[in-house]
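Structural features, examined
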Amino acid sequence: MYHAKFQIWVGRLQQVFPVTHRYKCSATKAILSDPAIPTLDVAYITDPRNTHKIDKLIQSRKGKGDIHLVQKLWKEYNEETIEKMKSKKYEKFMLEACKIPNQAHSVLDSYGIEPKIVKYINDKRQFDFHPRDFADLCQKCDLLKTEFLGFLAGHKSYILKDSLAELEQALIQRTCDELLKKGFSLISVPDFLPSHVIEGCGMDIKAERGQVYTLDPSLHGDLCLSGTSEMAIAGFLSNQVLNVDELPLKLAAVSRCYRAEISSSFDERGIYRVHQFTKVEMFGVTKNDISQSEALLQEFVDIQSELSASYGIHCQLLDMPLHELGAPAYRKFDIEAWMPGRNMFGEISSSSNCTDFQARRLNIKYESGEDTYFCHTVNGTACAVPRMLIALLETFQNRYADTINIPEVLWPYMNYQKLLTPPVFPLKMRYIKSW
């Protein structure tokens, strides 16, 4: 069933790009056939000289994967003489080998458990009054609803109202405008994805406390809700061969993101950590050259820094240590914004260089001369709406909580409205008990 759905959404995605779009892809038949078969760097993984290095890497990155088991299964596979059994042993080997995380930049070995602060962005605002938190500000201005929504969308659901909903759209529109100026192509992606695409991006959908929502397979086949448009873009590029002359390829998408993660932390209350939100994502593809993918990662980080700086919020750019890297990441930078009402920094964006980790699992290649090579992939958040809203409202609140300043760069996207204020005609509702 999911193959039919997969064909439908790939077909729709291809309609997004005009025939003059710069990159070419391999035969349509290849795109619409079976899911990509991972092609791992078996020589690196099975070389006993790399065992200690890989094991250390695993232990530093949340302990997922077992290099000793992988090498044991590889030995058993090579010693097996019966073809049928050999095939089964290879499947077991690949299942475990796919859990081994990506290599990491050597500089991270010196970081320990703390991130390196690369730079600060904008000065921290000094208040002559006690700053309120986002929830209090929204309540005073009647801009957000989080109570009594369990019946509608479950735990941690929310509704943005009036000018706060307009501010959400303003952030999305301005972010897309800025990315288009920087050479990105905009793409609209689906929210439903087959599990092999999500796993190919490095997510474990079978984890005990995973982040992935899985649809009922008896009704919908092998489909999940996408946690970020990075996954759908990577899935779209799966089993394709790109033109080397047109790399790096830079794509951007606006999508709803679905996360099953939970938190009981007081600091992550309200809309800081929710099950669904809107995000503008950047996704890039380069040649199999670490200098090129690192350069694109730096470009993504520069874009994130520029966007954050333009809003006037105080931020810190962090080079993240090993234990903060997910399985696909070779290197990762986060930007955290100061949220005065919470008196804390909160992550608002992240960028990762995944080198060929995702490309090997999803078969994303480029053609150079007579040969094809696995690409490098880079991803980054351009705007995660809920946390950006928190940072903006808490930073630009006024002494009297019923007005909040809007950053000047967003005025053109808000019909030159300069203040968030309570609605003139607020929608008043009273819940009734059903019998």
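Notes on the structure follow. (Residues numbered from 1 in each chain as written. Predicted model: local features only at pLDDT ≥ 70, side-chain atom pairs only at ≥ 80, totals over all residues. Heavy atoms only, no water.)

1. Digging into the overall build of the protein chain
How we decide: In DSSP terms, a helix is any run of H or I states spanning at least four residues, a strand is any run of E spanning at least two, and both are numbered starting from the N terminus. By the convention used here, residues are in contact when the closest approach between their heavy atoms is within 4.5 Å. Accessibility throughout is a Shrake-Rupley quantity obtained with a 1.4 Å probe, and a residue counts as covered only by protein chains that appear here.
A count of helical and extended segments in the protein chain gives 15 helices and 17 strands. The contacts of the protein chain with a sequence gap of at least 6 include a subset with a gap of at least 24, amounting to 73%. Total accessible area computed for the protein chain in this model is approximately 21500 Å², and 52% of it derives from carbon and sulfur atoms.

2. Details of helix H6 (residues 83-97)
Just so we agree on the cut-off: How far a helix is expected to stretch is found by multiplying one less than its residue total by 1.5 Å. For every residue, the accessible area obtained with a 1.4 Å probe (protein chains only) is divided by the maximum for its type, and the residue is called buried under 20%, exposed over 50%, and partly exposed between those limits. As used here, the arc belongs to the directions running from the helix axis to the C-beta atoms.
Taking 1.5 Å per residue, 15 residues should reach 21 Å; H6 reaches 21 Å between its end C-alpha atoms and fits that length. The complete set of buried residues in H6 reads Lys86, Phe93, Met94, Glu96 and Ala97. Here the buried residues of H6 occupy an arc of 160° about the axis, which is enough to place them on one side. Every exposed residue of H6 that faces more than 90 degrees away from the buried side is listed here: Lys84, Glu91, Lys92 and Leu95. Close packing links the buried residues of H6 with helix H3 (42-46), helix H5 (67-79) and helix H14 (357-362).

3. Re the nonpolar core
Heads up, the condition is: Remark: nonpolar core denotes a set of buried residues (Ala, Val, Leu, Ile, Met, Phe, Trp, Tyr, Cys) joined through side-chain atoms within 4.5 Å.
Phe134, Leu164, Leu167, Ile313, Leu392 and Leu393 are the most contacted members of the largest nonpolar core, which totals 58 residues. With sequence-adjacent residues up to four places away left out, phenylalanine 134 is seen in contact with Leu144, Leu164, Ile271, Leu389, Ile390, Leu393 and Glu394. Within the second largest apolar cluster, 29 residues are counted, among which are Cys224, Leu247, Ala253 and Ile364.

4. Description of the pairing of strand S8 (residues 249-258)
What counts here: Two strands pair if DSSP finds at least two bridges between them.
With respect to burial, S8 is a largely interior element, eight of its ten residues being buried. For strand S4 (residues 185-186) and S8, the ladder comprises two bridges, and the chain directions are parallel. In the sheet register, leucine 186 faces S8, and the bridge partner there is alanine 252.

5. Here's the deal with unusual backbone geometry
Cis peptide bonds are those with omega within 30 degrees of zero, and the linkage from leucine 247 to proline 248 qualifies with 5°. Here proline 248 is to be found in the loop between strand S7 (240-243) and S8.

6. Describing the environment of proline 38
On the secondary structure map, proline 38 appears in the loop between helix H2 (28-31) and H3. Sequence separation between proline 38 and cysteine 98 is 60 residues, and the spatial gap between their C-alpha atoms is 8.0 Å. For proline 38, the residues in contact, after removing those within four places along its chain, are Met94, Cys98, Arg360 and Arg361.

7. Digging into the sheet that holds strand S14 (residues 371-374)
Put simply, the rule reads: Axis angles are defined between N-to-C directions and span 0 to 180 degrees, where every axis is a line fitted to C-alpha atoms and, for a helix, only to the segment in contact.
Here we have three strands laid out as an open sheet, ordered S7-S13-S14, and mixed in their pairing. Each edge of the sheet is formed by a strand with only one pairing partner; in this case those strands are S7 and S14. Strand-to-strand, the axes of this sheet are offset by a mean angle of 40°, without reference to chain direction. Pairing of S7 with strand S13 (residues 364-368) involves four bridges; the strand directions are parallel. Note that in S13 the partner of valine 241 across the bridge is lysine 365.

8. Topic: the packing of aromatic side chains
For clarity, the cut-off: Under the pairing criterion, centres of Phe, Tyr and Trp rings, with the six-membered ring standing for Trp, must be within 6.5 Å; the plane angle then separates stacked pairs below 30 degrees from edge-to-face pairs above 60, leaving the rest tilted.
Scanning the entire structure with this criterion turns up eight aromatic pairs. Ring geometry for tryptophan 74 against phenylalanine 93: centres 4.9 Å apart, planes inclined by 45°, an arrangement best described as tilted. On the criterion of sequence distance, the pair formed by tryptophan 74 in helix H5 and phenylalanine 93 in helix H6 is long-range, its members being 19 residues apart. Take phenylalanine 93: its relative accessible area is 0%, and that puts it in the buried class. For the ring pair phenylalanine 184 and phenylalanine 300, a centre distance of 5.7 Å and an interplane angle of 40° mean the geometry is tilted. Here phenylalanine 184 is found in the loop between helix H9 (162-181) and S4, whereas its partner phenylalanine 300 is found in helix H13 (residues 290-311), with 116 residues between them in sequence. The burial state of phenylalanine 184 is the same as that of phenylalanine 300; both residues are buried.

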